[in-house]
Amino acid sequence: MEQSNSSSKLHRNAIQVQEAQAIIQSHVQLGDCEHVDLSEAKGRYLAEDIMAPHPYPHFRRSGMDGFAIISGDTAGSSTENPVWLEVVDEIPAGSLPSVALVPGTVSRIMTGAKVPDEADAVIMFEMTETVVNQGRTTIQVKREIEAGKNVTPVGLELREGDLILEKGTFLSTGEISVLATFGVHQVSVFKRPTVAIFSTGSELLGVEEAIQDGKIRNSNTYMLASQVRDAGGDPIILDAIQDDLQIAKQRVEEAFHFYDIVVTTGGVSVGDFDIMADLVRGDEVTMLFNKVTMRPGSVTTAAVKEGKLLFALSGNPGACFVGFELFVRPALGLMQGSKQPFLTELTAVLGRSYEKINNFTRFVRGSLSIVDAQLVATPASLDESNVMITIKDSDCLIVVPPSSGVLNAGDKVKILRLSGSSI
Ligand SMILES: Nc1nc2c(c(=O)[nH]1)N[C@H]1C(S)=C(S)[C@@H](COP(=O)(O)OP(=O)(O)OC[C@H]3O[C@@H](n4cnc5c(N)ncnc54)[C@H](O)[C@@H]3O)O[C@H]1N2
Ligand code: MOO
Ligand SMILES: [Mg+2]
């Protein structure tokens, strides 16, 4: 078995998080497009600009069940002095008016139906009284109705040619509704990047296996697969790589052939079996960085091969999680044309003091709440790189720069909101 030479791993040039993100950004290649049915488009990124092919609404539409009227006919009408108007037509939604109105006449009309050209208002059914006498239907109106009442004008929501959705827009409920409205039943979206996920380490058991002394279950792979899915990618969990450099090289090489991105977890530090640290120094890939001034995840490493990215994330669950959120998530977003690939940055006040002093910027797991109309971020009680349990309780990362010293409750802090956050 080929082991790694730990002395070569000691020489690492740590770069800032933003610098590392910029490097990734400059190497990301925009993915291919595909057409999907609108019903499958939720959560995808639009690959084309969508312009309104017609105004919306494209006909003058009644907002109520009632009567289409010429508003001038109601001038001066009141309880004491009501007007009587003759009903000459009935217009269900989906039908067109069949009679041209003249003063003194109205059309029965349903919600969503086209208002006759001669009418300029719709009076609600409940505001009228209908009388049928010798085959003639009339309505009594006891108040003045202003022009435009209950009529939605053409183009109220959108005018023809308006840019409705820009390429790169994340398709969610509102966007799907727009696309359906304009008849886009098949939509061009960016393909989901395929992401090969490898764990490394001989201590790992499958999740279905019974625990054994000195071994742990491979939880990072499932965590990463979930993060990949959440970022719009298609995770492919591959068999764990044992601590053997040659085999690792071969497995990563194969993965590059079949998938768009390779993500590994573990084996990037200075341990004798930390093979990923050596793999990225070899000729097979071009290393982009192998140390970032952050905690957790200082050992986060990235490399590129023929335009495809390799992320070698830490094995420690907390560091693996943060490494994905800061680097892999944005890469997946950019591959899908996202305009906002990075975690949303907000300002919050600290819910509890944070006293750990760091040489590197620390991304502390935290939970968000709103107290007295203020966003409050409370650091997790256990936040070590090797702690897994508080990942589930966190909806933000609190950014603690090395210069900040002790932070007190109530201090303003920068936070990065995690995607599952309900705030
Ligand atoms: N002498 C030093 N030792 C360490 C340093 C250092 O600077 N000098 N850095 C520490 C820090 S910080 C981190 S983070 C870790 C990084 O470790 P690796 O990325 O090399 O990961 P491993 O050694 O493979 O494992 C670390 C830890 O994580 C567990 N692990 C690994 N894979 C998984 C998985 N798929 N699911 C769940 N848990 C996993 C593994 O068992 C170890 O406990 O290095 C420190 N050491
Ligand atoms: O730097 Mo280690 O990478 O998580 O804390
Ligand atoms: Mg290690």
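Predicted model, so just to flag it, every value in this text is computed and none were measured. (Residues numbered from 1 in each chain as written. Chains lettered and ligands numbered in written order. Predicted model: local features only at pLDDT ≥ 70, side-chain atom pairs only at ≥ 80, totals over all residues.)

Thoughts on the site of ligand 1
So the rule is basically this: Residues are classed as near a molecule or strand if the C-beta position derived from their backbone is within 6 Å of it. Think of it this way: any DSSP run of H or I at least four residues long counts as a helix, any run of E at least two long counts as a strand, and we number them from the N terminus. Just so you know the grouping, Ala, Val, Leu, Ile, Met, Phe, Trp, Tyr, Cys and Pro go in nonpolar, Asp, Glu, Lys and Arg go in charged, and all remaining residues, Gly too, go in polar.
By nearness alone, 28 residues border ligand 1, and Ser 199, Asn 220, Gly 266, Ser 269 and Gly 315 come closest of all. Those elements giving two or more residues to the shell around ligand 1 turn out to be helix H4 (220-230) and helix H7 (317-335). Within the shell around ligand 1, the residues separate by chemical class into eight nonpolar, 18 polar and two charged.

Overview of the UniProt feature "domain: MoaB/Mog" (unreviewed entry) in the chain
The line we're drawing: UniProt positions are given in the numbering used here, feature names are shortened, and annotations may be inferred rather than shown by experiment.
Feature annotation in UniProt places "domain: MoaB/Mog" (unreviewed entry) on residues 196-334, given in this structure's numbering. Note that residues 196-334 is 35% helix and 24% strand, and that its end C-alpha atoms are spaced 17 Å apart.

Quick look at the sheet that holds strand S5 (residues 83-91)
Backbone hydrogen bonds are what pair the strands of a sheet, in a parallel or an antiparallel way. Convention followed: Strand pairing is defined by DSSP finding a minimum of two bridges between the two strands. Think of each axis as a best-fit line through the C-alpha atoms, taken over the contacting stretch in the case of a helix, with angles from 0 to 180 degrees between the N-to-C directions.
In space, the six strands of this open sheet follow the order S7-S4-S6-S5-S9-S8, with mixed pairing throughout. Pairing within the sheet leaves two strands with one partner each, and these edge strands are strand S7 (121-124) and strand S8 (128-133). Between one strand axis and the next, the sheet turns by 40 degrees as a mean value, whatever way the strands run. Of the pairings in the sheet, the one linking S5 to strand S9 (residues 136-141) comprises four bridges and is antiparallel in character. Paired with Trp 84 across the strands is Gln 140, a residue of S9.

Side note on the domain arrangement of the chain
The following threshold applies: Residue ranges labeled as domains rest on an automatic or database domain assignment.
For the chain, the assigned domains are domain 1 (6-32 + 192-335), domain 2 (35-54 + 159-190), domain 3 (61-152) and domain 4 (344-417). For domain 1 versus domain 3, the distance between C-alpha centres works out to 68 Å.

Here we look at the site of ligand 2
In the vicinity of ligand 2, the residues found are Arg 295, Pro 296, Gly 297, Ser 298, Val 299, Ser 314, Asn 316, Ala 319 and Ser 385. Classifying every residue of the shell around ligand 2 gives three nonpolar, five polar and one charged.

Focus: unusual backbone geometry
Residue Pro 57 follows Tyr 56 across a cis peptide bond; omega there is -5 degrees. Within the secondary structure, Pro 57 sits in the loop between strand S2 (50-51) and strand S3 (61-62). In this structure, the amide linkage connecting Arg 295 to the following residue, Pro 296, adopts the cis form with an omega of -5 degrees. Within the secondary structure, Pro 296 is located in the loop between strand S19 (294-295) and strand S20 (301-305). A positive phi angle is found at Asn 150, which is not glycine, with a value near 60 degrees.

With respect to the environment of Thr 105
Which entries qualify depends on this criterion: Buried residues are those with 20 or more other C-beta atoms within 10 Å of their own C-beta, exposed residues have 12 or fewer, and partly exposed residues lie in between; C-beta atoms are placed from the backbone. By definition, residue pairs are in contact when their C-beta atoms, positioned from the backbone, come within 7 Å.
On the secondary structure map, Thr 105 appears in strand S6 (residues 105-109). You can call Thr 105 buried: it has 22 C-beta atoms within 10 Å. Once residues within four sequence positions are removed from consideration, Thr 105 is found in contact with Leu 85, Glu 86 and Val 88.

Here's the deal with the sheet that holds strand S17 (residues 261-265)
Ordered in space as S16-S13-S17-S21-S20-S18, the six strands form an open sheet in which the pairing is mixed. Every interior strand has two partners, whereas the edge strands, strand S16 (234-237) and strand S18 (286-289), have only one. Between one strand and the next, the sheet's axes are offset by a mean angle of 25 degrees, whatever the strand orientation. The sheet contact formed by S18 and S20 spans three bridges and is antiparallel. Opposite Thr 286, over in S20, you have Val 304 as the bridge partner. Packing of helix H5 (residues 245-258) onto the sheet brings it into contact with strand S13 (194-199), S17, S20 and strand S21 (308-313), and relative to S17 it is tilted by some 145 degrees.

Quick word on the environment of Leu 205
Mapped onto the secondary structure, Leu 205 falls in strand S14 (residues 204-205). Leu 205 gets classed as partly exposed once you count the C-beta atoms within 10 Å, which come to 14. As for Leu 205 and Asn 218, which are separated by 13 residues in sequence, their C-alpha atoms are 5.7 Å apart. In this structure Leu 205 touches Ile 211, Gln 212, Lys 215, Ile 216, Arg 217 and Asn 218, once residues within four positions along its chain are discounted.

Topic: H5
What counts is decided by this rule: A helix is expected to span 1.5 Å multiplied by its residue count minus one. Working note: the arc is built from the helix axis to C-beta atom directions.
With 14 residues, H5 extends 20 Å from end C-alpha to end C-alpha; this agrees with the ideal 20 Å at 1.5 Å per step. Within the span of H5, buried status applies to Leu 245, Ala 248, Arg 251, Val 252, Ala 255 and Phe 256. Viewed along the axis of H5, the buried residues span an arc of 140 degrees, placing them on a single side of the element. Away from its buried face, by an angle of more than 90 degrees, H5 presents the exposed residues Gln 246, His 257 and Phe 258. If you follow the buried residues of H5, they end up packed against S13, S17, helix H6 (275-279), S20 and S21.

Focus: the environment of Gly 266
Note on placement: Gly 266 falls in the loop between S17 and H6. Taking the C-alpha atoms as reference, Gly 266 lies 14 Å from Met 388; in sequence the two are 122 residues apart. Filtering out sequence-adjacent residues up to four positions away, Gly 266 remains in contact with Ser 199, Thr 200, Gly 201 and Gly 315.

Side note on the pairing of S20
Across five bridges, S20 lies against S21 in antiparallel orientation. Pairing of Ala 302 across the sheet is with Phe 311, part of S21. The turn linking S20 back onto S21 is made up of two residues, and Glu 306 within it adopts a positive phi angle of 45 degrees.

Examining the pairing of S6
The side chains of a regular strand alternate, first on one face of the sheet and then on the other. Of all five residues in S6, four are buried, a share of seventy percent or more. Across three bridges, the pairing between strand S4 (residues 66-69) and S6 is antiparallel. Residue pairing across strands places Gly 66 opposite Ile 109, the latter belonging to S6. In the sheet, S5 pairs with S6 via five bridges, with the strands oriented parallel. Bridge assignment links Val 87 to a residue of S6, and that residue is Val 106.

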